[in-house]
Amino acid sequence: MASVKELSSLDFAGKRVILRADLNVPLKDGEITDDGRIRASLPTIDYLVSAGASILIVAHLGRPKGERKSELSLKPVASRLQKLLGRDVAFAETIDQAMKFTERAQPGEITCLENIRFESAETSKDENERLVLAKKLAQLGELYVGDGFGAVHRKHASVFELASILPHAAGYLVAKESEVLEKLATNPLRPYGVVLGGAKVSDKIGVINNLLERVEMIAIGGGMVFTFLAAKGYAIGKSLFESDQLDVVKSILLRAKEKGVEILLPIDIKVAGEFKDVSARIVGIEGIGENDLGLDIGPQSADDFAKAIKKCRTIFWNGPMGVFEFSNFREGTRVVAEALRHVDGLAVVGGGDSAAAIRALGFADSDFGYVSTGGGASLEYLEGKELPGLVALS
Ligand code: AMP
């Protein structure tokens, strides 16, 4: 992928800057449960303030689909940002209100615009609708900085069209993420292994297909593993299953064999009778009962995964190994994270969920080679896809 324009390529002094950030943090009952993405946006904001810019932050939260939903307001995020920055952050409920703020903004002043996805045009499939919104947003600033890595794979108005209208540069986060992923994409130390988990196979099929050409080992856990186990003929009880992915998974298993890529699957599973944080039973993969729900990889599998990970010099991990939100089903994820800490080489944790999982388990970002803020974006980067938000900043 072509390299992105650096912050130093623009003169920000006295300029009104629109900063597209990724502040899409997990919330529970209105409280932020992991502020990693807000923290990751701070270096660029600090830089812009020091360079004498006034800043309008444009960001999204969740998927409101063009409706104003109070539970997806960016207000609590703006408050946290204010606290972390130690500077005032004004909040604009609408674009018109933001216009009033930005018109008279002084250097160093920061305004956060309400969730841009409250505007249906932001995510519209209609290019013209997106362009109309982007042109309206473009009136709020003179320069554009793209730093929302978690959204760069989206062709959205504030990510793609807006960047194309205004003179632009990439923020520190986007530059750093691109640099690390480029290393994985072009010149990884070998052996190169990938660990995939999380809920859905369909989200990760593309990356698995592409990675078969590039890696020596793919370890699979999480909810997605049960479609693999089903494809190999095992009974999976009431575990997550995507029947429409069965043939694709079978062809992946076949291609992996042809290419000599090891697909590491669990040999034991932690199951429960219901989707609750109840005590787990450990069964071999031949022993999953009709009413069992597989909610984590078992201890022997976790051990196998850890050994395989430690043999690699490059590891990319996306997606928890089990329902880490339940204390009885987080051990697989913890063991995998622990193994990643000890990789002699580059270990990258990719994605909002995986990053939140490691922090919830007590790990620090500094325990790993790199913790990416973007799940979908990092996967698509590794798939070799062109990411609209990066193309626009090149
Ligand atoms: P993803 O966004 O695809 O990375 O999925 C993350 C989610 O997958 C987490 O919220 C986990 O609770 C969930 N998950 C992981 N393993 C399982 C499983 N065995 N069954 C159901 N959900 C799972």
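Quick caveat: nothing in here was measured; it's all calculated off a predicted structure.

Looking at this model, I keep getting lost on the overall build of the chain. Mind explaining?
Secondary structure assignment for the chain yields 15 helices and 17 strands. Relative to a compact globule of 394 residues, whose C-alpha radius of gyration would be 21 Å, the chain shows 22 Å and is just as compact. Split into buried and exposed, the 394 residues of the chain put 56% on the buried side. In the form shown here, the chain has an accessible surface area of approximately 16700 Å², with 47% of it arising from carbon and sulfur atoms. When the 48 basic and 54 acidic side-chain charges of the chain are each reduced to a single mean position, those positions are 1 Å apart.

Looking at this structure, how should I read the packing of helix 11 (residues 299–310) against helix 12 (residues 331–341)?
A pair of packed helices is characterised by two quantities: the angle between their axes and the separation of those axes. Running from N to C, helix 11 and helix 12 cross one another at 20°; their axes reach a closest spacing of 9 Å. Relative to helix 12, the element helix 11 is oriented roughly parallel. The way helix 11 lies across helix 12 gives a crossing that is right-handed. Across from A302, F305, A306, I309 and K310 in helix 11, the residues of helix 12 making contact are G332, V335, V336, A339 and L340. Tallied by class, residues from the contact of helix 11 with helix 12 come to 8 nonpolar, 1 polar and 1 charged.

Hey, could you run me through unusual backbone geometry in this one?
The phi angle of most residues is negative, glycine excepted, and most peptide bonds adopt the trans form. Here the bond from R190 into P191 is cis, since omega is 0°, no more than 30 degrees from zero. Topologically, P191 is positioned in the loop between helix 7 (172–186) and strand 9 (192–196). Although it is not a glycine, D29 adopts a positive phi angle of roughly 50°. Note on placement: D29 falls in the loop between strand 2 (27–28) and strand 3 (31–32). Of note, the phi angle at K65 is positive, near 55°, even though the residue is not glycine. Within the secondary structure, K65 is located in the loop between strand 4 (54–58) and helix 3 (75–85).

In this structure, what is going on with the sheet that holds strand 17 (residues 370–372)? I would like to understand it.
Within a beta sheet, neighbouring strands are joined by backbone hydrogen bonds and run either parallel or antiparallel to one another. The sheet built from 6 strands is open, its strands ordered 11-10-9-15-16-17 with parallel pairing. Both edges of this open sheet fall to strand 11 (262–264) and strand 17, since each of them pairs with a single strand only. The sheet shows a mean angle of 15° between the axes of neighbouring strands, taken without regard to direction. Pairing of strand 9 with strand 15 (residues 314–318), which is carried by 5 bridges, proceeds in the parallel orientation. Counted as the bridge partner of V194 is F316 from strand 15. Against the sheet, helix 11 touches strand 9, strand 10 (217–220), strand 11 and strand 15, its axis set at about 155° to strand 10. Running at roughly 150° to strand 15, helix 12 makes contact with strand 9, strand 15 and strand 16 (346–350) of the sheet.

Would you mind going over the packing of helix 2 (residues 42–50) against helix 3 with me for this structure?
Viewed as axis vectors pointing N to C, helix 2 and helix 3 meet at an angle of 65°, and their least axial separation amounts to 11 Å. By the angle class used here, helix 2 and helix 3 are roughly perpendicular. Handedness of the crossing formed by helix 2 with helix 3: right-handed. Of helix 3, the residues touching helix 2 (which contributes L42, I45 and D46) are L81, L84 and L85.

Any chance you could explain the pairing of strand 10 here in plain terms?
A regular strand places its side chains so that they alternate between the two faces of the sheet. Every second residue of strand 10 is oriented toward a common face, with M217 and A219 on one face and I218 and I220 on the other, all of them buried. Here strand 9 runs beside strand 10; their pairing, made up of 4 bridges, is parallel. Within the sheet, the bridge partner assigned to L196 lies in strand 10 and is I220. After leaving strand 9, the chain enters helix 8 (residues 205–211) and then returns to the sheet as strand 10, a path that is right-handed. Judged from the 3 bridges that link them, strand 10 and strand 11 form a sheet pairing that is parallel. The residue bridging A219 from the neighbouring strand is L264, located in strand 11.

I'm lost on the site of the ligand in this one. Help?
Taken together, 16 residues sit near the ligand, with A199, G223, G294, E325 and D353 positioned nearest. At a separation of 3.0 Å, an oxygen atom of the ligand approaches a polar backbone atom of A199. Contact distances for the ligand include 3.1 Å between a nitrogen atom and a backbone N or O atom of G223. In the complex, 82% of the free accessible area of the ligand, which totals 510 Å², lies under the protein chains. Looking at the shell around the ligand, its residues break down into 6 nonpolar, 6 polar and 4 charged.

Explanation requested: the nonpolar core in the structure shown.
It is characteristic of soluble globular proteins that their nonpolar side chains tend to be buried jointly. Formed by 73 residues in total, the largest nonpolar core has its most connected members in L113, I208, I218, I220, F228 and F316. Top element by residues in this core is helix 9 (residues 225–231). It accounts for 6 residues. Two domains each put at least three residues into this core: domain 1 (7–172) and domain 2 (179–382). Those residues in contact with L113 that lie beyond four places of it in its chain are L56, I57, V58, L74, F91, A92, T94, I95, A98 and L137.

Just checking my understanding: could you explain the domain arrangement of the chain for this structure?
Interfaces are often sized by the accessible area lost when the parts come together. Here the chain is partitioned into domain 1 (7–172) and domain 2 (179–382). Here domain 1 and domain 2 have C-alpha centroids that lie 33 Å from each other. Opposite the 9 residues of domain 1 that make contact, domain 2 presents 12 residues. Between domain 1 and domain 2, the buried area comes to about 750 Å², and carbon and sulfur atoms account for 64% of it. For domain 1, the biggest contributors to the area lost against domain 2 are D34, F149 and H153; these three give 65% of the whole. At the surface where domain 1 touches domain 2, the tally comes to 1 salt bridge. Applying the counting rule to domain 1 against domain 2 returns 2 residue pairs in polar contact (both at pLDDT 80 or more).

Criteria and cut-off values
Residues numbered from 1 in each chain as written. Predicted model: local features only at pLDDT ≥ 70, side-chain atom pairs only at ≥ 80, totals over all residues. Heavy atoms only, no water. Helix = DSSP H or I, 4+ residues; strand = E, 2+ residues; numbered from the N terminus. Rg over C-alpha atoms; globule rule 2.2 N^0.38 Å. Buried < 20%, exposed > 50% of the residue type's maximum accessible area, 1.4 Å probe, protein only. Areas by Shrake-Rupley, 256 points an atom, 1.4 Å probe, with all protein chains shown as cover. Lys, Arg positive; Asp, Glu negative; His and termini not counted. Charge placed at Lys NZ, Arg CZ, Asp CG, Glu CD. Axes fitted to C-alpha atoms, helices over the stretch in contact; angles between N-to-C directions. Parallel < 35°, antiparallel > 145°, perpendicular 65-115°, else oblique. Left-handed = near helix turned anticlockwise from the far one by under 90°. Contact = heavy atoms within 4.5 Å. Nonpolar A, V, L, I, M, F, W, Y, C, P; charged D, E, K, R; others polar. Pairing = 2+ DSSP bridges. Right-handed = clockwise from strand over helix to strand, strands pointing away. Near = heavy atom within 4 Å. Polar contact = N/O pair within 3.5 Å; in protein donor to acceptor, adjacent residues only side chain to side chain. Core = buried A, V, L, I, M, F, W, Y, C linked by side-chain atoms within 4.5 Å. Domains from an automatic or database assignment. Buried area = accessible area lost by both parts, 1.4 Å probe. Salt bridge = Lys/Arg side-chain N within 4 Å of Asp/Glu carboxyl O.

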